[in-house]
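Residues per chain, in single letters:
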There are 2 protein chains.
Amino acid sequence: MKIIRKIEQMQEYIRKHRRAGKTIGLVPTMGALHEGHLSLIRRAARENDLVVVSIFVNPIQFGPNEDFKKYPRPFAKDVKLAVKAGADIIFNPGAGEMYPPGYQTYVEPGELTAGLCGAFRPAHFRGVVTVVIKLFNSVLADRAYFGQKDYQQAQVIKQMVKDLNLQMQIVVCPIIREKDGLAMSSRNQYLSPEERRSATCLHEALRVAKAMVSSGIKDAGKIKREIRNIIQSNLLAKVDYIEIVDAGSLEPVKQIKGQAAIALAVFIGKTRLIDNMVWG
Amino acid sequence: MKIIRKIEQMQEYIRKHRRAGKTIGLVPTMGALHEGHLSLIRRAARENDLVVVSIFVNPIQFGPNEDFKKYPRPFAKDVKLAVKAGADIIFNPGAGEMYPPGYQTYVEPGELTAGLCGAFRPAHFRGVVTVVIKLFNSVLADRAYFGQKDYQQAQVIKQMVKDLNLQMQIVVCPIIREKDGLAMSSRNQYLSPEERRSATCLHEALRVAKAMVSSGIKDAGKIKREIRNIIQSNLLAKVDYIEIVDAGSLEPVKQIKGQAAIALAVFIGKTRLIDNMVWG
């Protein structure tokens, strides 16, 4: 295992291994690794000769009132977990290495960011795709692994890769959940015990929505009202958005047909959680 | 010689040659090749095993009232000239190949585009760096060649390469001029014989400016006034901008010290021409 903190050193290391014919898998993370991240690392280890896990809390994807400063950074623990799951290299650049003085180029995603989290977190996805292309160019992997929990993020990154003609395969892996259904997230650790119990309402609501769709209900408005009722019955929860969208274009649908995604963002106390479910 | 029109075919071709250890040089052009382009191709041929010349009139770098439609496209002649200068592959994608339906990701350059042509051509450089990163990802060259005539463009591209951590060397080559000093440009062919004679005023003004600096005059305002006088004495010429900037940051300077660039854009009739000179 090797920890690399400089971009040029990362590139040099990869060049050497690519010349030797090795395939490279990249798992970009902001650290605070949980079972969701580890599932990505394990899959990357199965599918590639060499696995790079990047750990970088990316300042430009946080809004001014968001949790950049308090975002958890348990680096030593992360390294242990990543290596145990199959990481060969930890890429851990500093903010000054990624955005040195004079930095000024950003990648702007498009229509896919108009709704869902994009509507509520302006500049968030610009920060995400910018750091992702920088990580891609630093690591030059064959495959990069992302979790489906950040559904919109995965779609936006796939579109960026297609639009900018990057020669990299994006692998999107299933959501990993706690036993009670809560989607794993580094932000879950912000929750008090009481909030933690309330946080299951996101998954509960999605399960009810799934049952409604399975029973033949196609009206998106009706399903969204039911989701809202379930979440609002919870005193600690405040809906940020509940949306049913076409799974490809992410445009809101009135009737569920073909591939659709139900996505929601909910504040539990001060912690914003997201979850989603995809049909078809 | 080979003409390739599909991005995936281009990538596959390059992958094969890279695996064989060949170095790749890219000369991105919009066609209508002149001696300036050919000097880039010749240099690329000296420095690389394989030279790709891309010919693509990029719609997204033209403003709504600019010359996208009438921009010259003498493709067969371009291919002959490029091959004679040393091109191995002509990469000639269509607009639908580069920007298919649903296309939505753009690269946004920053402060370097605030002045000079960037101030007069909004969205121009966004179109330039977006197409350039797409070409870079399609060709995966070791080196890409640009002319110094588009000085701001070269600086913006170098910054983008640095900011996004692209593993490619940007080579900027000297301006190639007609015998009477006019900087070579595909747009020169728009000029009537009378306009063509007037067009030498750009270079004339730059020569006078150079002489002033050499004689010890450092006041940028004084030099700019002299340039304006020379150009305005020409009935067919209309100044778009005259600027003296720091050669690195492109920020206007009041006194010439260190590396500085004088850049100008002038309409000769309806044709907009640019030229520049760099000191230090």
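Residues numbered from 1 in each chain as written. Chains lettered and ligands numbered in written order. Predicted model: local features only at pLDDT ≥ 70, side-chain atom pairs only at ≥ 80, totals over all residues. Heavy atoms only, no water.

A. Spotlight on the relation of the copies chain B and chain A. Overlaying chain B with chain A gives an RMSD of 0.0 Å, the required rotation being 180 degrees about an axis along which the chain moves by 0.0 Å. Such a combination of rotation and displacement between the chain copies is what one expects of a two-fold axis. No C-alpha of chain B lies nearer the rotation axis than that of Val107 of chain B, which sits 2.2 Å from it. Most of the interface of chain B is mirrored in chain A: 100% of its interface residues are interface residues there too. (Least-squares fit on C-alpha atoms with pLDDT ≥ 70 in both. Contact = heavy atoms within 4.5 Å.)

B. Here's a closer look at the packing of aromatic side chains. Across all of its chains, the model carries 14 aromatic pairs over all chains by this definition. Between the aromatic rings of Tyr99 of chain A and Tyr103 of chain A, the centroid separation amounts to 5.1 Å while the plane-to-plane angle is 85 degrees, which identifies the pairing as edge-to-face. No difference in accessibility class separates Tyr99 of chain A from Tyr103 of chain A, as the two residues are buried. Their ring planes at 35 degrees and their centres at 5.4 Å tell us that Phe120 of chain B and Tyr241 of chain B sit as a pair that is tilted. Of this pair, Phe120 of chain B sits in helix H5 (residues 116-120) while Tyr241 of chain B sits in strand S8 (residues 237-246), and the two are 121 residues apart along the sequence. An aromatic cluster of at least three residues, connected via ring pairs, comprises Phe56, Tyr99, Tyr103 and Tyr106 of chain A. Geometry around Phe68 of chain B places Arg73 of chain B over its ring, the cationic atom sitting 4.9 Å from the centre. Positioned above the aromatic ring of Tyr106 of chain B is the side chain of Arg126 of chain B, whose terminal nitrogen or guanidinium carbon lies 4.0 Å from the ring centre. (Phe/Tyr/Trp six-rings, centres within 6.5 Å; stacked < 30°, edge-to-face > 60°. Buried < 20%, exposed > 50% of the residue type's maximum accessible area, 1.4 Å probe, protein only. Helix = DSSP H or I, 4+ residues; strand = E, 2+ residues; numbered from the N terminus. Lys NZ or Arg CZ within 6 Å of the ring centre and 35° of its normal.)

C. Broad picture of the pairing of strand S9 (residues 260-268) of chain A. Residue and element names in this part refer to chain A. Among the nine residues that make up S9, eight are buried, leaving the element largely enclosed by the rest of the structure. The pairing of strand S8 (residues 237-246) with S9 spans nine bridges and is classified as antiparallel. Counted as the bridge partner of Ala237 is Ile268 from S9. Where S9 meets strand S10 (residues 271-279), nine bridges bridge the pair, whose relative direction is antiparallel. Following the sheet pairing, Ala265 is matched in S10 by Ile274. Between the end of S9 and the start of S10, which pair antiparallel, lie two residues, with Gly269 showing a positive phi angle near 65 degrees. (Pairing = 2+ DSSP bridges.)

D. How the structure looks around the interface of chain B and chain A. Taken together, the contacts link 27 residues of chain B with 27 residues of chain A. Overall, the association of chain B and chain A removes approximately 2,500 Å² of surface from exposure, summing both partners, and the carbon and sulfur fraction of that is 44%. When the buried area of chain B at its contact with chain A is split by residue, Gln104, Asn165 and Gln167 of chain B rank highest and sum to 28% of it. The interface formed by chain B and chain A includes zero salt bridges. Counting residues per element, the ones that place at least two in the side of chain B that touches chain A are helix H1 (7-19), strand S5 (106-108), helix H6 (124-139) and helix H7 (151-163) of chain B. (Buried area = accessible area lost by both parts, 1.4 Å probe. Salt bridge = Lys/Arg side-chain N within 4 Å of Asp/Glu carboxyl O.)

E. Broad picture of the pattern of salt bridges. All names here are of chain A. In the structure shown here, the tally under the stated rule is 24 salt bridges over all chains. For Glu12, the salt bridge is made with Arg15, and the minimal N-O distance between the two is 2.9 Å. Taken as a pair, Glu12 and Arg15 lie in helix H1 (residues 7-19) at a separation of three residues, close to a single helical turn. The exposure class assigned to Glu12 is partly exposed, which follows from its relative accessible area of 38%. Close ionic contact of Glu47 with Arg43 constitutes a salt bridge, the shortest N to O distance being 2.8 Å. A residue pair is termed a helical-turn pair when its members lie 3 or 4 positions apart in one helix, as Glu47 and Arg43 do in helix H2 (residues 35-47) at four residues. Its relative accessible area of 29% is what places Glu47 among the partly exposed residues.

F. Here's a closer look at the domain arrangement of chain A. All names here are of chain A. Splitting chain A by domain gives domain 1 (2-173) and domain 2 (186-274). Between the C-alpha centres of domain 1 and domain 2 the distance comes to 26 Å. Between domain 1 and domain 2 the total buried area reaches about 1,600 Å² when both faces are included, carbon and sulfur atoms providing 59% of it. When residues of domain 1 are sorted by the area they lose upon contact with domain 2, Leu116, Phe120 and Tyr151 head the list and together hold 34% of the total. Counting across the domain 1 and domain 2 interface gives one salt bridge. Here Asp67 and Arg187 are joined by a salt bridge, their closest N and O atoms 2.8 Å apart. Between the two partners, domain 1 and domain 2, sit seven residue pairs in polar contact (both at pLDDT 80 or more). The set of elements that each furnish at least two residues to the side of domain 1 that touches domain 2 consists of helix H5 (116-120) and helix H7 (151-163). Looking at the side of domain 1 that touches domain 2 residue by residue, the class counts come to nine nonpolar, five polar and five charged. (Domains from an automatic or database assignment. Polar contact = N/O pair within 3.5 Å; in protein donor to acceptor, adjacent residues only side chain to side chain. Nonpolar A, V, L, I, M, F, W, Y, C, P; charged D, E, K, R; others polar.)

G. Main features of the sheet that holds strand S10 (residues 271-279) of chain B. All names here are of chain B. Spatial ordering of the open sheet is given by S8-S9-S10, a layout of three strands whose pairing is antiparallel. In the strand order of this sheet, the two ends are held by S8 and S10, each with one partner. Neighbour-to-neighbour, the strand axes of the sheet open up by a mean angle of 15 degrees, direction not taken into account. Each of S8 and strand S9 (260-268) is contacted by helix H10 (residues 220-232), which is oriented at about 160 degrees to S8, the strand it contacts most. (Axes fitted to C-alpha atoms, helices over the stretch in contact; angles between N-to-C directions.)

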